[in-house]
Amino acid sequence: MMERRRMDVALLVLFLVQLTTALEVPLDLLEGLPQPPTITHQSPKDYIIDPRENIIIHCEAKGKPHPSFSWTRNGTHFDIDEDPNVTMKPHSGTMVVDISRAKAEHYESVYQCTSRNKHGTAVSNNIVVQQSRSPLWSKEKLKAMVVQEGVSMVLPCRPPAGLPPPIIFWMDNNFQKLPQSSRVSQSLNGDLYFSNVLREDSRNDYICYARFPYTQTIQQKQPISVKVLNMDAINDTMAAFYNETDLFSEEPADERKPTFLIPSGPSSSKMVLRGQVLEMECIAEGLPTPEVSWIKVSGDLPAKRTFFLHYQKTLRIVNVSESDAGDYRCTARNRLGSVHHTIKVNVKAAPYWISGAPRNLVLAPGESGVLTCRASGTPKPLVTWAMNGIPIENSPKDLSRKVEDDTIIFTDVQTGSSAVFQCNVSNDYGYLLSNAFVNVLSETPRVLTPSNKVYQVIKNHPALIDCASFGSPIPKITWFKDSRASTLDGDPYIVHDNGTLEIHVAQARNSGKYTCVARNTLGNYENHVYLEVKEPTRILKQPEYKVVQRGRSVVFECKVKHDPSLIPTMTWLKDDGELPDDERLIVDSDSLAISDVTENDAGVYTCIMNTTLDHDSASAELTVVEATPTPAVVYERPDPPTDLELTDQKKRSVQLTWTPGDEHNSPIQKFLIQFEDSLHHRGHWHNLTEVPGSKTTAHLKLSPYMHYTFRVLALNAVNLSRPSFPSRMFKTEPAAPDENPTGVQGLGTEHDNLVISWKPLTGLQSNGPGLHYRVMWRQKLVDSDWTTVTVANNSKFVVSGTPTFVPYELRVQAVNEQGAAAEPQTAIGFSGEDLPVAAPENVQAMLLNSTLAKVHWEPVPARSIRGHLKGYRVYYWRDRSLHKHNPHHAEKQILTFSGNHTHGMLPGLHPFSLYSFNVRLYNGKGEGPPSPTQQFETPEGVPGPPTSLLVTNPNLDSLTLEWSPPHDRNGHITGYTLKYQPGNTQTPHPIAPSPPRRPPHKAQPASPFKNISSSFVEDGTLISWEYWGPEKNVYVEYIVKNSEGEEEWQKELVNGSQNVTLKGLKGGLSYRVRLVAQGHHDQPLHHSEELVVSVPAVASRQVDIATQGWFIGLMCAIALLILILLIICFIQRNKGGKYPVKEKEDAHTDPEFQPMKDDDCTFGEYSDNEDHKPLKGSRTPSNGTVKRDDSDDSLVDYGDGGDGQFNEDGSFIGQYSGKSASRETAEGHESSEAPSPINAMNSLNSFV
């Protein structure tokens, strides 16, 4: 009775499975349908984490509505909100643990994720989270191993236990892997086994390494030292202890038959789980080294899953199944004998699915169905069910649901009974947990196959046309073709249960439109698809067997026929591999050419023609033989091709074939095909195309409305051949133009017209007689119709009476007697421009400094521009200087700012000036009206240099400076700064005073010379200056002051120098000295300001006077007088007597004063030959009106009572005047005279 009941249940289940098969569809393709949760992604059951990274435990699910998530930890609810280190990703159940504030081991637990919405609850596997561990090796002191040569040896590794277990390998101190062989190998536990040791095994760096994969760390064991001794070494070592008596014989360890080091004993057993990897090892010792072999006693080893490692010592079987259980025997053998070990393997199995996990079930109200949870395992697993995460026995009772072991049967389900069921299958070695929902829906049919999908199939092949559908209840599928006269049922059509329509042998007549209709009690749905039956791909001419001499060329032909709507791809193989990458091999669309054949080219060549639907292939062999000796070769250009023939004639193409002429011992490289168009260009031949020398056919693409005649030329290494005789004429029919004119543009030449122009088509592009153009235009921003005119024999058209500067849409279409070209593209043009009618408004100027101003304005409205905005122009001019002496300026300057700017900078302005300006807009036609003129004043700026500087009245201790005001005052002059330094004087001379010279009031023109000075040296007068002009010819000119008549200036050339010593000046006279720069002959001379130099008088020796007594007495009196004067000066100096300037200097003594250097702005001090002490400098005026300079003093300090004044021309009125010192500093020269006060001064500041 019980078996009868089970059989009835089985039959019912089989029936219900057949009923519900059609509903196994991807529900995620159907939006808006209610759906219970489905777990889509979760972390593995055994989840090992890296303790250095955040812990991420995945849990993703889908459903409608989107499900919510919660977690349990070690079987109890885990409140994520209570743990500040744990967060959950939005719209997800994935949990993230931030370990930066907590230790990873605190979160080692068992986690389970729950996903729920109003239609059910799904749960994840139990996720066991453990952190990976890479513990350190325990410290130990390893003793050196001393072994006898020939014995076996084991070096232990014994790494620390890690999670997951580490990977073991042996290396030396240089991080090189230790060599392993059948004699020396590593066991599965990491120990290093020696079947027998040799003397070369002695070393002190046997190091075991353990690599922990998760943390990517490597731990190192202490090095092991091994010393292998033979008998002589052992006897020598022990002789001292045993009275020179040998302990061992002179031979190494005896040869011996094998014995197993591992495993021990004659037999052992091993358990492995189904699907895992089985590894067994047998390591034997012996001398000679034994060889290991494996067999399965109770059957054969699985060939495809069996691997031998470690020199046959390890047997590995992957993906273990129950059939791998049994006895395995390993045998170790050498020439002295053998030894065996038997390993009994037991295969257990964690639960595994037999027919897959339970599948989701969609039922309509009143329907029936089943959920099946079929699994197996060893031992047999236990199956338990839960509903929405609650054991099913604790769930609410439902008469429509019945549990039968691994099956749940549903009958007459009702709306609202949707749920998620969990099937848990477990035994001693693991468990399986699967979620499957039952979704009770009422849905009209839907077809999931895309509409209007095109199916392509090769003729005589089967065709499968899909109609994937969804509906609840299950829709019924009906197929129709074309006119839908009758349903497709019966030969040659087969309708499968899933709705797919199959045609066993498709023919061309089966092409067409197919309609599938899905119906259920709630409605129907139609979907249309198309079937195209294509012709098969066939190789019509297969490559042929070839025998070719070395150095010659060979061509394999492979002509193919295929469906014209499919794109073919030709592929060539050599010996079933890719062709060599060699430029000698040329692949064409239907051939393979090999030039300069070598022995390596011999082989089998296969051509494969592929399309998107099918392919065909054919092969041929190439044999290469030695070339026969030939007499001396004469190379000539090839003979012209012959037998030109036109075939496969179409409207715009033709096939041209020919026969090559004699190559004359030089292979033809290519053929040049030319054509003549006797309709348009009679007598002119044009190049059409080129083809490789291995081809004798060409498919030529032609143009309409041409009278073609073809000829062919052959090219080899010598030259081109003569042209072949022309082919017969081939006329192509006229056709409508293929293209429209390019370069369409619209521009206005007047303010009320629009000129439309284009690049006309050539005669070759016309495609037929009667070429003309259809010109169309309309305003772009106005909803108006196109205006069309026809233009012939011209490439432009003028539209009159247009509004000013309006955008137009333009089209130009090519037309001939055969019709028009395709719809042309639209171009944009503008009618003519006119001058702008408005000026920029709100114009303002903002001064940035004394020479730069920024002008702002508001842009002109677009309607007032009346053209393409090119930019703005700022007109500005200097009305006058704000200084009363400066003249009026009125020269206008223009700055242009391209583009739509609203501001601009006015550079290079004159300081302390009044400027006027206005702004104007300009377009392609011209400028608009100016804005109202505005004015601004520039502030004061730095003044220019004085226009002249003269030195007059030079004496031993004073001189007079005269200068003129600067040409560019740039403001109110408040003072002058005078800087000087000692000249390059070697022997001081008295300076005769010169009459004061008033500088002119009028500003001098700019000169390239400045800082001109003079000084007296031993052999003449030194003139120094600075020069920055471009001329290379520079002269010094001088003439006696107050010279009369037409006396000429004396001239000395001083090119490249900035000083010169004039030796021709006579003592006691004053000279006018100037510098002249001369350019080209047509350029004016540049003169410097004149410098007056008074040369001290030098007594001349006259023999006749020197012998006179009165002269000798006079000289003695003068000498005595000079001596008295010198004594008086010396006494006055020692008593502190001071001349006025000296008093001022002493009054401002600075004990911290340090001499300045040559590269400073000021000059160094003068020192005498007695004590070489620097003179004390003066200070800057205390009123602070002048910026202090370390080398500057004010002239006020040197006047009476500090009341120094200047004349109108800038000359100093005071007790002393000085000459401009040279920038050449004298160093190392000594003087017998007392130092001059001029040399003690550093700088002079004056005020007006």
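Residues numbered from 1 in each chain as written. Predicted model: local features only at pLDDT ≥ 70, side-chain atom pairs only at ≥ 80, totals over all residues. Heavy atoms only, no water.

Applicable threshold: UniProt positions are given in the numbering used here, feature names are shortened, and annotations may be inferred rather than shown by experiment.
Looking up the chain in an unreviewed UniProt entry gives the name Neuronal cell adhesion molecule-like isoform X13, with the organism given as Gymnodraco acuticeps. Under the UniProt heading Sequence similarities (unreviewed entry), the entry covering the chain gives this text: "Belongs to the immunoglobulin superfamily. L1/neurofascin/NgCAM family."

### A look at the packing of aromatic side chains
For clarity, the threshold we go by: Aromatic pairing here means that ring centres of Phe, Tyr or Trp (its six-membered ring) are within 6.5 Å. Orientation follows from the plane angle: under 30 degrees is stacked, over 60 is edge-to-face, and everything else is tilted. Going along the chain from the N terminus, every DSSP run of H or I of four or more residues is numbered as a helix, and every run of E of two or more is numbered as a strand. Throughout, exposure labels follow a simple rule: accessible area from a 1.4 Å probe, protein chains only, divided by the maximum for the residue type, with under 20% read as buried, over 50% as exposed, and the rest as partly exposed. Criterion for a charge above a ring: Lys NZ or Arg CZ within 6 Å of the ring centre, and within 35 degrees of the ring normal.
Evaluated as defined, the whole model comprises 20 aromatic pairs. Between Phe169 and Tyr209 the ring centres are 5.7 Å apart and the planes differ by 10°, which places this aromatic pair in the stacked class. On the criterion of sequence distance, the pair formed by Phe169 in strand S14 (residues 167-171) and Tyr209 in strand S17 (residues 203-212) is long-range, its members being 40 residues apart. Of the residues examined, Tyr209 reaches a relative accessible area of 4% and is grouped as buried. Between Trp1110 and Phe1111 the ring centres are 6.0 Å apart and the planes differ by 85°, which places this aromatic pair in the edge-to-face class. Assessed through its relative accessible area of 56%, Trp1110 is described here as exposed. Through pairs of rings, three or more aromatic residues link up here, namely Tyr876, Tyr915, Phe917 and Phe936. Between the NZ or CZ atom of Lys45 and the centre of the ring of Tyr431, over which it lies, the distance is 4.1 Å. The ring of Trp877 has Lys892 sitting right over it, with the charged end atom 4.6 Å from the ring centre.

### Notes on the sheet that holds strand S58 (residues 653-659)
This is how it is decided: For two strands to be treated as a pair, DSSP must find no fewer than two bridges joining them. Here an angle of 0 to 180 degrees is reported between the N-to-C directions of two axes, which are lines fitted to C-alpha atoms, with helices fitted over the stretch in contact.
An order of S57-S58-S61 is seen for the 3 strands of this open sheet, with the pairing classed as antiparallel. A strand with exactly one partner marks an edge of an open sheet, and here the two such strands are strand S57 (642-647) and strand S61 (697-701). For this sheet the average axis-to-axis angle between neighbouring strands, irrespective of direction, equals 25°. In terms of strand pairing, S58 meets S61 through 5 bridges, oriented antiparallel. The residue bridging Val654 from the neighbouring strand is Leu700, located in S61.

### Brief notes about the pairing of strand S28 (residues 337-353)
Each regular strand displays side chains that alternate between the two surfaces of the sheet. The pairing of strand S21 (residues 267-273) with S28 spans 7 bridges and is classified as parallel. Directly across from Lys270, in S28, lies its bridge partner Val345. Sheet topology note: the strand S27 (residues 326-334)/S28 ladder contains 9 bridges and is antiparallel. Directly across from Asp327, in S28, lies its bridge partner Lys344. Counting the residues that bridge the hairpin from S27 to S28 gives 2 residues. In this sheet, strand S31 (residues 375-378) lies alongside S28 in antiparallel orientation, the contact comprising 3 bridges. If you follow Trp353 over to S31, its bridge partner there is Ala375.

### Overview of the nonpolar core
As a reminder, the rule being used: Among the buried residues, those of types Ala, Val, Leu, Ile, Met, Phe, Trp, Tyr and Cys that are joined through side-chain atoms within 4.5 Å form a nonpolar core. Here, two residues are considered to be in contact whenever any of their heavy atoms come within 4.5 Å of each other.
In terms of nonpolar packing, the biggest core is built from 29 residues, with Ile55, Ile57, Trp71, Met95 and Tyr111 touching the most fellow members. Put simply, the parts of the chain that give this core at least two residues each are strand S2 (46-49), strand S3 (55-57), strand S4 (59-64), strand S5 (68-73), strand S8 (95-97), strand S9 (110-117) and strand S11 (127-131). Leave out the neighbours within four places in its chain, and Ile57 touches Ser43, Tyr47, Trp71, Gly93, Thr94, Met95, Tyr111, Ile127 and Val129. One finds Ile1012, Tyr1038, Val1060 and Tyr1071 within the second-largest nonpolar core, a separate group that totals 20 residues.

### Some remarks on the environment of Ser1007
Within the secondary structure, Ser1007 is located in the loop between strand S81 (975-979) and strand S82 (1009-1017). Remark: the alpha-carbon pair of Ser1007 and Thr947, spanning 60 residues in sequence, is separated by 9.0 Å.

### Quick notes on the side chain of Asp172
For clarity, the threshold we go by: Residues adjacent in sequence count toward polar contacts only when both atoms are side-chain atoms; beyond that, a polar contact is any pair of N or O atoms within 3.5 Å, and within protein one must be able to donate a hydrogen and the other to accept it.
Within the element layout of this structure, Asp172 appears in the loop between S14 and strand S15 (184-186). In this structure the side chain of Asp172 is engaged in a polar contact, spanning 3.0 Å, whose partner is the backbone nitrogen of Asn174. Of the polar contacts made by the side chain of Asp172, one reaches the side chain of Arg203; its length is 3.4 Å. If near-sequence neighbours (up to four positions away) are discounted, Asp172 is found in contact with Leu178, Arg203, Asp205, Ile207 and Tyr209.

### Notes on the sheet that holds S82
Overall, antiparallel pairing links the 3 strands, which are arranged S82-S83-S86 in an open sheet. The sheet is open, and its two edges are formed by S82 and strand S86 (1059-1062), each paired on a single side. Each neighbouring strand pair of the sheet contributes to a mean axis angle of 20°, computed without reference to strand direction. For strand S83 (residues 1020-1027) and S86, the ladder comprises 4 bridges, and the chain directions are antiparallel. Pairing of Ser1024 across the sheet is with Asn1059, part of S86.

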